[in-house]
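# What the coordinates show
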Amino acid sequence: MGKILRRTFLIGTGLVAGGLAVGYYAASRPWPNPLEADLAPGEETFNPYVKIGADGAITIIAPRAEMGQGVHTTLAALVAEELGVPLSAVAVDQGPTSPAYYNLAVLEQGGPFSELDTSLMAETARKATRAFGPLAGMQITGSSTSVRDAYDKMRQAGAVARTLLFAAAQERLATPASKLQFDGAEIVAPSGRRVGIASIAAEAAALPVPDEIVLKDPADWTLLGKTQQRVDLVDKVTGAAEFGIDVDLPDMLYGTVLMNPKLGGGIETVSTSFAEAVPGVVKIVRLETQLGSGFGVIAENTWAAFQAAEAIEVEWGDAPYPSNTESIMRVFRDTIEGPWKGSAWRDDGDVDFAFGDAPPDSIFEADYEVPFLAHATMEPMNATAQFANGRLTVWAPTQAPTLIQTILADAIGIDSDAVTIHSTYLGGGFRRRAEADFALYAAELAREAGGRPVKVTWTREEDMAHDVYRPAAAGRFRVRMDVNGMPDAVDMRIATPSILKSIGKRIFPSVPIFGPERLLTEGAFDQPYAIPNYRVAGIEINMPIPVGFWRSVGYSYNGFFHECFMDEIAERAGRDPIDLRLQLMADYPLAVAVMEKLRDISNWDRPLRSGKAKGVAFTMSFGSWVGEVVQVAETQDGLVVEKVWAVADVGRALDPGIVRAQIESGIVFGLSAAIGQQITFSGGKVDQQNFYDFDAMRIDRCPKFEIEILENSQALGGVGEIGTPPAAPALANAVRSLTGKRIRSLPLSGEVEFA
Amino acid sequence: MQLTINGDTIDLDVDPAMPLLWALRDAAGLKGTKFGCGVASCGACMVIIDGVATFSCVTAVGDVEGEVRTIEGLAKDGVFHPVQQAWIDEQVPQCGYCQSGQIMAAVALLEENPQPSDADIDTAMSGNLCRCGTYSRIRAAIKRAATTMPLPVEDQAASET
Ligand code: FES
Ligand code: FES
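Residues numbered from 1 in each chain as written. Chains lettered and ligands numbered in written order. Predicted model: local features only at pLDDT ≥ 70, side-chain atom pairs only at ≥ 80, totals over all residues. Heavy atoms only, no water.

## Some details on the overall build of chain A
We count it as follows: Every helix listed is a DSSP run of H or I at least four residues long, and every strand listed is a run of E at least two residues long, numbered separately from the N terminus. Buried means the residue's accessible area, taken with a 1.4 Å probe over protein chains only, is under 20% of the maximum for its type, while exposed means over 50%, and partly exposed covers the values in between. Contact criterion: two residues are considered in contact whenever any of their non-hydrogen atoms come within 4.5 Å of each other. Per-residue and other accessible areas follow the Shrake-Rupley method at a 1.4 Å probe size, with only the shown protein chains counted as cover for residues.
When helices and strands are counted, chain A shows 20 helices and 27 strands. Counting only C-alpha atoms, chain A reaches 85 × 70 × 55 Å along its principal axes. Taking all 755 residues of chain A together, the buried fraction comes to 64%. When contacts within chain A are restricted to residue pairs at least 6 apart in sequence, those whose partners lie at least 24 apart make up 77%. Taken as a whole, chain A presents about 26500 Å² of accessible surface, with 50% of it coming from carbon and sulfur.

## Quick look at the interface of chain A and chain B
You'll often see interface size given as the accessible area lost when the parts meet. We count it as follows: Buried area counts how much accessible surface, traced with a 1.4 Å probe, disappears from two parts once they are put together, with both parts' losses summed. Each salt bridge in this description consists of a side-chain nitrogen of Lys or Arg and a carboxyl oxygen of Asp or Glu lying within 4 Å of one another. N or O atoms closer than or at 3.5 Å make up a polar contact, with two conditions inside protein: a donor-capable atom paired with an acceptor-capable one, and, for residues adjacent in sequence, both atoms drawn from side chains. As a working rule, the residues Ala, Val, Leu, Ile, Met, Phe, Trp, Tyr, Cys and Pro are called nonpolar, Asp, Glu, Lys and Arg charged, and the rest polar, with Gly in that last group.
Counting residues at the interface gives 60 residues for chain A, matched by 48 residues for chain B. Together, the buried faces of chain A and chain B total about 4300 Å²; carbon and sulfur atoms form 60% of this surface. Considering only the surface of chain A that becomes buried against chain B, V237, M378 and I699 of chain A emerge as the three largest contributors, covering 20% of it. Salt-bridge contacts for K34 of chain B lead to D246 of chain A; the nearest nitrogen and oxygen are separated by 2.5 Å. Linking chain A with chain B are 26 residue pairs in polar contact (both at pLDDT 80 or more). Among the elements of the structure, α7 (233-238), α9 (302-311), β18 (454-457), α14 (460-465) and α19 (656-676) of chain A are those that each provide at least two residues to the side of chain A that touches chain B. Among the elements that line the side of chain A that touches chain B, the one with the most residues is α19 of chain A, at 9 residues. Classifying every residue of the side of chain A that touches chain B gives 27 nonpolar, 19 polar and 14 charged.

## Here's the deal with the domain arrangement of chain A
Residues and elements named next belong to chain A. Here is the rule we go by: In this document the domain limits rely on a domain assignment from an automatic tool or a database.
The assigned domain composition of chain A is domain 1 (31-103 + 138-221), domain 2 (244-319 + 381-457) and domain 3 (325-373 + 469-750). Spacing between the C-alpha centres of domain 2 and domain 3 amounts to 36 Å. With 12 residues of domain 2 at the contact, the number on the domain 3 side is 18 residues. Both faces considered, domain 2 and domain 3 share a buried interface measuring about 1300 Å² in area, 64% of it formed by carbon and sulfur atoms. The largest contributions to the domain 2 side of the interface with domain 3 come from L263, F430 and R431, which together make up 45% of the buried area. One can count 2 salt bridges joining domain 2 with domain 3. Residue E435 is joined to R506 by a salt bridge in which the shortest nitrogen-to-oxygen separation is 2.8 Å.

## A word on helix α5 (residues 135-148) of chain B
Residues and elements named next belong to chain B. Threshold: Each residue after the first adds 1.5 Å to the expected span of a helix. The directions from the helix axis to the C-beta atoms are what the arc is built from.
With 14 residues, α5 extends 20 Å from end C-alpha to end C-alpha; this agrees with the ideal 20 Å at 1.5 Å per step. Turning to α5, its buried residues number three or more, namely Y135, I138, R139, A141, I142, A145 and A146. The arc enclosing the buried residues of α5, seen along the axis, measures out at 165°, which places them on a common side.

## Quick look at the sheet that holds strand β4 (residues 90-93) of chain A
Residues and elements named next belong to chain A. How we decide: DSSP-based pairing: two strands are paired if at least 2 bridges between them are found. All axes here are fitted lines through C-alpha atoms, helices being fitted over the stretch that makes contact, and every angle between N-to-C directions spans 0 to 180 degrees.
If you trace the 4 strands from one edge of the open sheet to the other, you get β1-β2-β3-β4, paired in mixed fashion. The sheet is open, and its two borders are formed by β1 (44-47) and β4, each paired with just one other strand. Neighbour to neighbour, the strand axes of the sheet diverge by 25° on average, direction disregarded. Both strand β3 (residues 58-61) and β4 contribute to a ladder of 4 bridges, which runs parallel. Bridge pairing links T59 to A91 in β4. The sheet strands contacting helix α2 (residues 71-83) are β2 (50-52), β3 and β4, and the helix crosses β3 at an angle near 130°. Relative to β1, helix α6 (residues 197-206) is tilted by about 50°, and along the sheet it contacts β1, β2 and β3.

## Considering the sheet that holds strand β7 (residues 194-196) of chain A
Residue and element names in this part refer to chain A. The strand order across the open sheet built from 3 strands is β5-β6-β7, with neighbouring strands paired in antiparallel fashion. Two strands close off the open sheet at either side, each with one partner strand: β5 (181-183) and β7. Mean inter-strand twist for the sheet, computed between neighbouring axes without regard to direction, equals 30°. Bridge analysis of strand β6 (residues 186-188) against β7 gives 3 bridges, and the strand direction is antiparallel. Bridging from a neighbouring strand, E186 pairs with G196 of β7. Here α6 sits on the sheet in contact with β5, β6 and β7, set at roughly 70° to β7.

## Regarding unusual backbone geometry
Residues and elements named next belong to chain A. The amide bond that connects L746 to the next residue, P747, takes the cis arrangement and shows omega of 0°. Mapping P747 onto the fold places it in the segment after α20 (724-739). A positive phi is found at V553, a non-glycine position, where the angle reads about 50°. Tracing the sequence through the fold places V553 in the loop between β21 (533-541) and α16 (554-573).

## Considerations on the side chain of N128 of chain B
With respect to the secondary-structure elements, N128 of chain B resides in the loop between α4 (118-125) and α5. Among the polar contacts listed, one links the side chain of N128 of chain B to the backbone oxygen of G101 of chain B, at a separation of 3.2 Å. Other than its neighbours up to four places away in sequence, N128 of chain B contacts R698 of chain A together with C42, G43, M46, G101, Q102, A105 and Y135 of chain B.

## Some remarks on the pairing of strand β8 (residues 253-259) of chain A
Residues and elements named next belong to chain A. Of all 7 residues that make up β8, 7 are buried, and the element is covered over most of its length. Covered by surrounding structure in β8 are L253, G255, V257 and M259 together with Y254, T256 and L258, the residues of both alternating faces. Inspection of the sheet shows β8 paired to β18 by 3 bridges, in the parallel sense. Directly across from Y254, in β18, lies its bridge partner K455.

## Regarding the domain arrangement of chain B
Residue and element names in this part refer to chain B. As far as domains go, chain B holds domain 1 (2-73) and domain 2 (82-151). The straight-line distance from the C-alpha centre of domain 1 to that of domain 2 is 20 Å. On the domain 2 side, the residues contacting the 15 residues of domain 1 number 13 residues. Buried area between domain 1 and domain 2, summed over both chains or domains, comes out near 1200 Å², and the portion from carbon and sulfur atoms is 59%. Looking only at domain 1, the three residues that lose the most surface to domain 2 are M46, I48 and I71, adding up to 40% of its buried area. The interface formed by domain 1 and domain 2 includes 1 salt bridge. Remark: the boundary between domain 1 and domain 2 carries 6 residue pairs in polar contact (both at pLDDT 80 or more). Those elements that place two or more of their residues in the side of domain 1 that touches domain 2 are β3 (46-49) and β4 (52-55).

## A closer look at the environment of D122 of chain B
For D122 of chain B, the position within the fold is in helix α4. C-alpha separation for the pair D122 of chain B and T54 of chain B, spaced 68 residues apart in sequence, amounts to 17 Å. For D122 of chain B, the contacting residues outside a window of four places in its chain are I699 and D700 of chain A together with R139 of chain B. In terms of polar contacts, D122 of chain B uses its side chain to reach the side chain of R139 of chain B, at 2.7 Å.

Laid out in structure tokens, this is it:
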């Protein structure tokens, strides 16, 4: 397992051409059904997604991290739809950690091709990636892929279970399967005769799986496509939901960590005598891991652990990057000023030629910049671990349980079979929880706890200062306008560190990663606009600040760059920004439909009274086509975002209520960052400490929303991240329109005041 | 040290300087109240003490006078509090981590002001951060609960006369 994952990490990132060589045969190797290992007497299972209890109760396994995106509800609905039962009639469980729950779509998303690209090469690569999914067995929640990955396989799982159960029942009831129905823990025939699911489950499970499974026509769906009552609501309004931070075990100790805030630096000198004297402290442990150096505290309660951590006196070793924001960002600026061309991810026409003979007044150029950002999930990082009898057990709010399993096994030096990961609810993820640090530190402390479990909770300050940040990025954008006032050539160069290399270094430091990275330019190279000469290149910056996936990843900065620059082009052209976009995206009817709908619902063409303005942006991401209009108003206290209109073509909205909630959520996330968030450095440390200096939008500043969902696209798009990319540029474009200020660096509050 | 929590008197053997938040979570085993920031900046830890919404992360347990109400005490005899019911009906929670605090802040608001305006909601609820951005549904749920919540006893008496 460890070896396969290592190799797969490379493939999953879409960086190694050798990955394309693996044939389909590997993919057909099935993983055992993990539910079989834990069946209680009388329980039966048909596949990794359906379990029948001894009492006939049906449990559906939704093997993705529930971090608010409603994934347990939608995944369970996929199975329940084909099974033919309402969601209220089943129990939904996260299930065990297992490679059987691999996520294929997340691998495809990482691939080196634009989603617009249906060329042979792109399709071949996707196919090869698909072959790798089962092989890799990576159980990951990310890239807005959970539902896309599960769409076929979980519906099939439901259909198989129904087929087998009804096949067994039809004998008993002397009624053809097509006439049977579920009713609670029973199956009933039209005659009223019934048989308990429990009494036929064993027989059904022994039947051969039919070769051909026919899935329902979407027109016949009763659950999918309709808003369901979320399965996690009751837990979450009663305080009963168990997040990682709530794990409670017999004989449990509590802990925290104090890691070097100069990220990547070591420990010079230390004195722990004050810390050890804090009442309730059990032990201070020095941590030297591949993810960071520092200290762990084991104590009788969390409060004692926090106080002790604060009392540790330590002189930290320096970080391997420049010590302050000014010098860090200089590297970014110097890079885009420099001669580097980077890797072109899009290169239509002949950009150099087009600029070569351009009259100077036809060229316009602008530099853009965005800062590092923290995830600041509502639940601070934490994990609970127990190391006893050579086995490690971890309870963690994680987006990547199989990855953690491998890393911890390596770190502790035990077989990955000796590591058990239990996933809890996540108090927000935004991809921060696809990392391994919080689980690794808990495991290291568990080793020192004499076999007792230790729950390790980070302070907010520790969480803020030891994130894997959304990388800063800088870009230089040039356009040549033609004589008709249309863009004839654009040249975009985007400089930012490689997220994949940063992750690779943390996870598998011995494995080198090569090749150009899609994340540098996604959101700029893959957008549905046609311009005769169109080049988008990514230049990789070497900046050893740990960076990671942040909600919408590369789209988060490239969406801002590309769509603000699109407005700048419209301004040069003297064109309405929606008109210009419509003209450039004319080859992509899905995009056109989104923008036309947006123009309509936002009353774009109706003049606003003075003191208010609108801005627009469009970003295709994760297979969904999304346009947003933001309206800002001037008030005595500063600018206020009054309303946001969004139109999203997600292909199929399997649960429209959840899709809407996710889009709103993504927009609030994007606006929060655009208005006021930034991570800065002084003396090698992150300056921001807590929500008072890294805040997010509150209810009093939250705009009204009007969201329209389209289902024109044939592909199933993601929803968890797609609201975020257009939010910042639409806001910046609105601010330009209102104040006349074209702000090219975030956060906007650096140049205008928000209420 | 004795504390009245959700109507029960509980003995806690903790340092009186310990924040109420950690006494509830680690000593009393009531983990519905959440830790978000520890510095009164997010509202995840909000409880109601004698009718007042209070950040339990900055309230020393030794200083607590009066009855503490937490999320665990809202439902009575298996029936959800009207605010919880409104939260379910409007499908407010996403990750859910902030929601105990949001609900307690909303309960305190509605007990004090049964018909809050949008501005009242803004004032009462802006101490509660939600990183998932569930605000529009929180607002809708508060308005819904305002129509279903029984009036406080003294108002009832007043309306009967
Ligand atoms: S934890 Fe108390 S306000 Fe954040
Ligand atoms: S629901 Fe996730 S922080 Fe509010």
